[in-house]
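# Chain and residue survey
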Amino acid sequence: MEEVDVEPTVTLIPGVGFKQRHVGFEWGPGDILVYETNFKLQGAPSAGPGSSVHVVRKDEDIYSPILRKLFNESHHIFVGLQNIREDLPSKNKKPQFVSISKNYRSVIRACMEELQQVAVSTQDETLIAQYSNQVSILLAIELIWNLCEVLFIDAAPAGILLLHLLDWVRLHKADVDEKAREVLQSESPTHHHAYWEVVISFVLQGRMDEARQVLIKQANQQTSSRPLYQLMDGLLQKMPIYNPGGTQTLTEFDVKWRHWHEECDRCLQDNSFASNRHLETICKILVGDEDTMLEHKELLGTWYHFLVSRLLFFHPTVKPSELHYYAQSSMDMFLDSRSAPEPLDSILLAAFEFDIHQVIKDCSIALNNWWFVAHLTDLLDHCKLLQSHNLHFGSNLREFLVLEYASGLFSHHSLWQLAVDYFDHCPEFGRMYLELQIERVPLETERKALKVLRICEQRQMTEQVRSICKIMAKRSLSNNRLGSALSWSIRAKDAAFATLISERFLQDYCTRGSFSDLDLIDNLGPAMLLSDRLTFLGKYREFHRLYGEMKFTEAAKLLLSLMTAKIAPRSFWMTLLTDALPLLEQKEVIFSVDQTHELMFCLEELTSNNNETKPEWPMQDEDIESTKLELLRLALARNLAMAIVKEGTVEA
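What counts, and where the lines are drawn
Residues numbered from 1 in each chain as written. Predicted model: local features only at pLDDT ≥ 70, side-chain atom pairs only at ≥ 80, totals over all residues. Heavy atoms only, no water. Helix = DSSP H or I, 4+ residues; strand = E, 2+ residues; numbered from the N terminus. Buried < 20%, exposed > 50% of the residue type's maximum accessible area, 1.4 Å probe, protein only. Contact = heavy atoms within 4.5 Å. Areas by Shrake-Rupley, 256 points an atom, 1.4 Å probe, with all protein chains shown as cover. pLDDT = per-residue confidence, 0-100. Phe/Tyr/Trp six-rings, centres within 6.5 Å; stacked < 30°, edge-to-face > 60°. Polar contact = N/O pair within 3.5 Å; in protein donor to acceptor, adjacent residues only side chain to side chain. Expected span 1.5 Å × (residues − 1). Salt bridge = Lys/Arg side-chain N within 4 Å of Asp/Glu carboxyl O. Axes fitted to C-alpha atoms, helices over the stretch in contact; angles between N-to-C directions. Parallel < 35°, antiparallel > 145°, perpendicular 65-115°, else oblique. Nonpolar A, V, L, I, M, F, W, Y, C, P; charged D, E, K, R; others polar. Disulfide = S-S within 2.5 Å.

### Quick notes on the overall build of the protein chain
From N to C terminus, the protein chain includes 30 helices and three strands. Within the protein chain, buried positions represent 45% of all 652 residues. Considering only intrachain contacts with a sequence separation of at least 6, the fraction spanning at least 24 residues in the protein chain is 63%. Element-wise, carbon and sulfur atoms account for 52% of the exposed surface of the protein chain, whose accessible area totals about 34400 Å².

As structure tokens, then:
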């Protein structure tokens, strides 16, 4: 067995263990049921029986209403990504992949902002802590995703790479703008305690125009030092920024940047800013002095901000292949040697080293659900960046992670519907997972059952369709909803159950003298051929309809055929013969001589069988049966006589 990379986290369950009893558990698709048993630990004092049951959820996030929006919105993006045509050239797909990546990030941002708003408005300390934790996780996710977008998906070359990294840092270090607003809106910005922090922060982020605008306020107040400020303003203004859309080549930009860098270095060597320590600090940063940057750790905040600022003022034409060296050295220089890197630091470092699989592995360990790794891996796989990595247990990395994420969704009462599309786009094991998971969806209502059934029918999942229909048919029958039960059994093509329900319909008819659910029985169509009893039910109802429409001849022919063709159960023959009485009593002869003989034969066959079996009728019921028989025989004899006369007259 493989060793785990990290020790699994311990989950404390409140109340478990106090009675010093053994704990039992039951695995579910997404949860575990934990309970205390009646078996006490060795040497433990006696205590009352354990009765509490705890639900331990593997993924609590799917039950958050706000994060549910993240799952819903990202599902649409995922499905759209799968529909990108495979035959398009890679260069045509790249803008689409970058756009999809930004869509994912915008969904993360929207959820993060909503969580922040809810956290501000609530008074519950527990909820505030929960929302704050979720915000910090989403911040980290968006930070990692953005970096992966720059390095892997957009795959920016030298020159453009640093511009993207600057945007990345600016997006995730937004407190500079808040501090700048606070300073500029104060009564005296130049005397504000954070004035120089704002200027230096702008410089460290490469925002030279904004740094100049803030510096002008100081220059206007200190007329004696104005030449110094003008000199610094000139250096900031002249700093070359690579323009990928311009005519300048990367080599030309590099030459121009080196000239500017030498000019900054000369100013420092000449002690041009010696009289103003703040301007001298800025000049040291401009020449890429690492010690000066590290003196402003609190403004940088993170080692990766330090990395980008260091590259900006030391190597702006850095190539992707050189990043790992600068990233490792920047982290070593920035972090305290006594403290170990956080999981986020390790993930970002792996990204700078272009180790995609290590990024995915570390994220899988550090994050509490599969949403991030599943969607990022899927996007990277579409970018053809994961082709070389297959897992030893049968599936590729992308499919494994998508399957894990979708399986987690199936434990939720509504998100399971999203999981279906994820399984659909896992060609190797997706259908197998879907067949296993769909059977676990609780069918609380007919509406939900129809939803599940439609999913199964669209995918030709015959066994699951039959199983769902049988479950719903039995449930309807137990609730005495015969029409619904019959409808479900027909959909399940379950002949035995359809026969049973047809029997119940016939029993109800014998008791009440009328049919329920006429619309269903009248419109059985070819479905009545599912079983003999269902065929009889449909045909018998058709006899009643013909009789109601006064089509007596057709009704009589159908009634006789039900008996002679042995479609009608023997136990129902007396009912059919009784139904024939009104037709036999009509003024016009309905049954011909032959038909009357057949009816008489059926009656005799029925009575002879009854005499053999000798049923023990109650006295009253026996009198009724005897009266029926006498009436039938009399009616048949009278009809036979009339039919002979009629047919003889016609022949004459």
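### Describing the confidence of the model for the protein chain
Scored by pLDDT, the protein chain comes out at a mean of 82, with 85% of its residues at no less than 70. Confidence scores differ between elements of the protein chain, with helix 25 (residues 518-522) showing the lowest mean pLDDT of 64 and helix 15 (residues 343-352) the highest of 94. Below pLDDT 50 for its whole length, residues 613-620 participates in three contacts with residues either more than four positions away or in separate chains.

### Observations regarding the packing of aromatic side chains
Using the criterion set out here, one finds 21 aromatic pairs in the structure. With centroids separated by 5.2 Å and ring planes inclined at 85 degrees, the aromatic side chains of Y195 and W196 adopt a geometry described as edge-to-face. For W196, a relative accessible area of 13% translates into the label buried. On the basis of an interplanar angle of 65 degrees and a centroid distance of 6.0 Å, the ring pair of W303 and F352 is categorised as edge-to-face. Of this pair, W303 sits in helix 13 (residues 303-314) while F352 sits in helix 15, and the two are 49 residues apart along the sequence. We classify W303 as buried; its relative accessible area is 2%. The rings of F71, F78, Y405 and Y422 are connected pair by pair, giving a single aromatic cluster.

### Digging into the environment of R181
Counting through the fold element by element, R181 comes out in helix 5 (residues 175-184). Given a relative accessible area of 47%, R181 falls into the partly exposed group. For the pair R181 and V198, spaced 17 residues apart in the sequence, the C-alpha separation amounts to 9.6 Å.

### Observations concerning the side chain of E149
In this structure, E149 sits in helix 3 (residues 125-153). At 2.9 Å, the side chain of E149 forms a polar contact with the side chain of R105. If we ignore the near neighbours within four places in the chain, the residues touching E149 are V98, S101, K102, R105, D154 and A155.

### Quick word on helix 13
Counting along an α-helix, one turn takes 3.6 residues, and residues three or four places apart therefore face a common direction. Look at helix 13: 16 Å from first C-alpha to last across twelve residues, which is about the 16 Å you get at 1.5 Å a residue. The buried count for helix 13 comes to eleven of twelve residues, which makes it a mostly enclosed element. All buried positions along helix 13 are accounted for by W303, Y304, H305, F306, L307, V308, S309, R310, L311, L312 and F313.

### Description of the pattern of salt bridges
For the structure shown, the criterion picks out 24 salt bridges. For E114, the salt bridge is made with K69, and the minimal N-O distance between the two is 2.7 Å. Linking E114 in helix 2 (residues 90-121) with K69 in helix 1 (residues 65-82), this pair joins segments that are 45 residues apart in sequence. Accessibility expressed as a relative area gives 24% for E114, which makes it partly exposed.

### With respect to the packing of helix 7 (residues 208-221) against helix 8 (residues 226-238)
Packed helices, taken two at a time, are described by the angle between their axes plus the distance between the axes. The N-to-C vectors of helix 7 and helix 8 enclose an angle of 175 degrees; their axes lie 10 Å apart at closest approach. Relative to helix 8, the element helix 7 is oriented roughly antiparallel. Touching M208, A211, R212, L215, Q218, A219 and N220 of helix 7 are R226, Y229, M232, D233, L236 and Q237, all from helix 8. Taken together, the residues that form the contact of helix 7 with helix 8 break down as seven nonpolar, three polar and three charged.

### Quick look at unusual backbone geometry
One non-glycine residue, Q460, adopts positive backbone phi at about 55 degrees. Examined against the element boundaries, Q460 turns out to sit in the loop between helix 21 (446-458) and helix 22 (462-478).

### What about the state of the cysteines?
Using the criterion set out here, one finds zero disulfides in the structure. Here C283 stays free of any disulfide, with the sulfur of C267 as its closest cysteine sulfur at 5.6 Å. For C283, a relative accessible area of 0% corresponds to the buried category. Cysteine C469 is unpaired, with the sulfur of C456 as its nearest cysteine sulfur at 9.1 Å. Judged by its relative accessible area of 0%, C469 falls in the buried class.

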